[in-house]
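Chain by chain, the residues:
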Amino acid sequence: MSQPRTLFDKIWDSHLVDRQEDGTCLLYIDRHLVHEVTSPQAFEGLRLAGRPVRRPEATLAVPDHNVPTADRARGIEDEESRIQVDTLEKNCADFGVPIFRMNDVRQGIVHIIGPEQGLTQPGMTIVCGDSHTSTHGAFGALAFGIGTSEVEHVLATQTLYQTHAKNMRITVDGPLPTGVTAKDLILAIIGKIGTAGGTGHVIEYAGQAIRDLSMEGRMTICNMSIEGGARAGLIAPDDTTIDYIRGRPYAPKGAAWEQAEAFWRALPSDEGARYDKEVTLSTSEIEPLVTWGTSPEDVLPISGAIPRPEDAPSENKAMAIKRSLEYMGLTPGTRLRDIAVDKVFIGSCTNGRIEDLREVARVAEGRRVADSVYAMIVPGSGLVKEQAEAEGLDRIFREAGFDWREPGCSMCLAMNADKLNPGERCASTSNRNFEGRQGPGGRTHLMSPAMAAAAAISGHLSDVRELAC
Ligand SMILES: CC(C)[C@H](C(=O)O)[C@@H](O)C(=O)O
Ligand code: SF4
């Protein structure tokens, strides 16, 4: 009998082209997603070497980081952004790579459109020159970010050099308590394991709380695996996965669907498969969470207060807390819910999907954004936007005083015109809160869409459970 294998090992083994004595492996890559930030030098490399793209039909490009989220009819005003987006279009035209252009309704954040189009499927290897490629692991695909020289390698050969990561399993037991979402789960996980907790590992998420999540929630979890230091995140495919993929534009059809489904159902880790590291959490310990510092592991329940450096377990940690608090403009002991916000950003590849927008609408309906707050909602893709509008969510948002925008990365990382001003404080549904992430001097508190909506309405960090929904 063969050894029981994990989902990760099954995907790895089935994509192994070659293994060197030193452990370096050559993997076949099924899908390659491309955006404007990390691809220009890769295409330039191909041009210089006179090489074509090996499998254009396995590649899809989309501009997302540099696109404006308002007034698209006016084109892109910022010159640097315009050059980035134009360069991507030209490279795709020159090399025959399919692209969803800025004004295509299918345009959106690369990690939102892959799943939406049915390009992301269980058992695949998926890469993109972007760290949050881990998002696609929600489908039981081995998906990870790569650097620009690797983008060039994949474009040229459809393969990639890799070394085998270790297997880690994080089990979240119990049902989701009221007001607690996938975002709270992953923030709790990162709070527990730390930003280096997953280093060198591929994390498989398991347990009732994970199984009970929709695909949207599972994507939120896998998206932030990278913030926990992991190489990738994975969730075993099941009925929820298969139902989500069925009928999407790039999903297999007819007999190919039957075959694919049988293959997908054989992918989950075998009984008795061995993990190098195991972590267990119970949802009974988890409340709605917010970050207070400049790392995603600086996380606390909304009922908590800003930590005191002198309570830190080590001198180093005390220094780190002090520095974070200085940057964040916060005083130890302040109750989190007494912290006023200037802006609210709802969107990103972590929380810019339709379900996230429905959550926001549930909180926003019949209420008003506080006068002191500017709140923006940036759908993850043109199709998410279209769906939200078909459901009348945009009307709820507008009536409540939210700014309803065009799709893109936007203020998740401020590579376009959407930025925090120095010193401004933001409740954000994105995934990174380091110094300057949302604009130089900007201060970010990460949280779920419902919690961000609650902050927009009340004008300060607040507990969504106290707003009757
Ligand atoms: C610009 C890109 C390379 C970057 C990433 O790799 O993640 C961005 O998407 C981010 O979220 O910081
Ligand atoms: S939405 Fe944010 S995290 Fe996601 S790809 Fe864009 S910049 Fe990166």
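Conventions used here
Residues numbered from 1 in each chain as written. Chains lettered and ligands numbered in written order. Predicted model: local features only at pLDDT ≥ 70, side-chain atom pairs only at ≥ 80, totals over all residues. UniProt positions renumbered as here; feature names shortened; annotations may be inferred. Near = placed C-beta within 6 Å. Nonpolar A, V, L, I, M, F, W, Y, C, P; charged D, E, K, R; others polar. Domains from an automatic or database assignment. Axes fitted to C-alpha atoms, helices over the stretch in contact; angles between N-to-C directions. Helix = DSSP H or I, 4+ residues; strand = E, 2+ residues; numbered from the N terminus. Parallel < 35°, antiparallel > 145°, perpendicular 65-115°, else oblique. Left-handed = near helix turned anticlockwise from the far one by under 90°. Contact = placed C-beta atoms within 7 Å.

Naming follows an unreviewed UniProt entry, where the protein appears as 3-isopropylmalate dehydratase large subunit of Fodinicurvata halophila. Taken from UniProt, the Sequence similarities (unreviewed entry) comment for the protein reads in full: "Belongs to the aconitase/IPM isomerase family. LeuC type 1 subfamily."

Visitor: Help me understand the site of ligand 2, please; the structure alone is not making it clear to me.
Guide: If you check the shell around ligand 2, you find 13 residues, and the closest are Ser 348, Cys 349, Cys 409, Cys 412 and Leu 413. A per-class count over the shell around ligand 2 returns 5 nonpolar, 6 polar and 2 charged. Built from parts of two domains, the shell around ligand 2 gets at least three residues from each of domain 1 (1-287) and domain 2 (289-466).

Visitor: Teacher, can you tell me more about the site of ligand 1 here?
Guide: Every residue lining ligand 1 is accounted for by Val 37, Thr 38, His 65, Asp 130, Ser 131, His 132, Gly 145 and Leu 413. A per-class count over the shell around ligand 1 returns 2 nonpolar, 5 polar and 1 charged.

Visitor: In this structure, what is going on with the packing of helix 13 (residues 354-364) against helix 15 (residues 393-400)? I would like to understand it.
Guide: At their nearest, the axes of helix 13 and helix 15 sit 10 Å apart, and the two run at 45° to each other. What the angle tells us is that helix 13 and helix 15 run oblique. Viewed along their axes, helix 13 and helix 15 form a crossing whose handedness is left-handed. Packed against helix 13, whose contacting residues are Leu 357, Arg 358, Ala 361 and Ala 364, the element helix 15 presents Leu 393, Ile 396, Phe 397 and Ala 400 at the interface.

Visitor: I keep staring at the packing of helix 2 (residues 40-49) against helix 5 (residues 148-157) and nothing clicks. Help me out?
Guide: Packed helices, taken two at a time, are described by their axes: the angle between them and the distance between them. Between helix 2 and helix 5, the shortest axis-to-axis distance is 8 Å and the interhelical angle comes to 50°. Of the possible angle classes, the one that applies to helix 2 and helix 5 is oblique. Two packed elements cross with a definite hand, and for helix 2 against helix 5 that hand is right-handed. Across the interface between the two elements, Gln 41, Ala 42, Gly 45 and Leu 46 from helix 2 touch Thr 148, Val 151, Glu 152, Leu 155 and Ala 156 from helix 5.

Visitor: Can you help me understand the environment of Gly 247 in this one?
Guide: Tracing the chain through its elements places Gly 247 in the loop between helix 9 (239-245) and helix 10 (254-265). For the pair formed by Gly 247 and Gly 118, sequence separation is 129 residues and the distance between their alpha carbons is 8.1 Å.

Visitor: Looking at this structure, how should I read the UniProt feature "binding site: [4Fe-4S] cluster" (unreviewed entry) in the protein?
Guide: Annotation from UniProt places "binding site: [4Fe-4S] cluster" (unreviewed entry) at Cys 349, Cys 409 and Cys 412. Their sequence span is 64 residues, while the largest C-alpha to C-alpha distance among them is just 8.8 Å; these annotated residues converge on one region. Within the fold, Cys 349 resides in helix 12 (residues 348-351). Inspection of the secondary structure assignment puts Cys 409 in the loop between strand 16 (403-404) and strand 17 (425-428).

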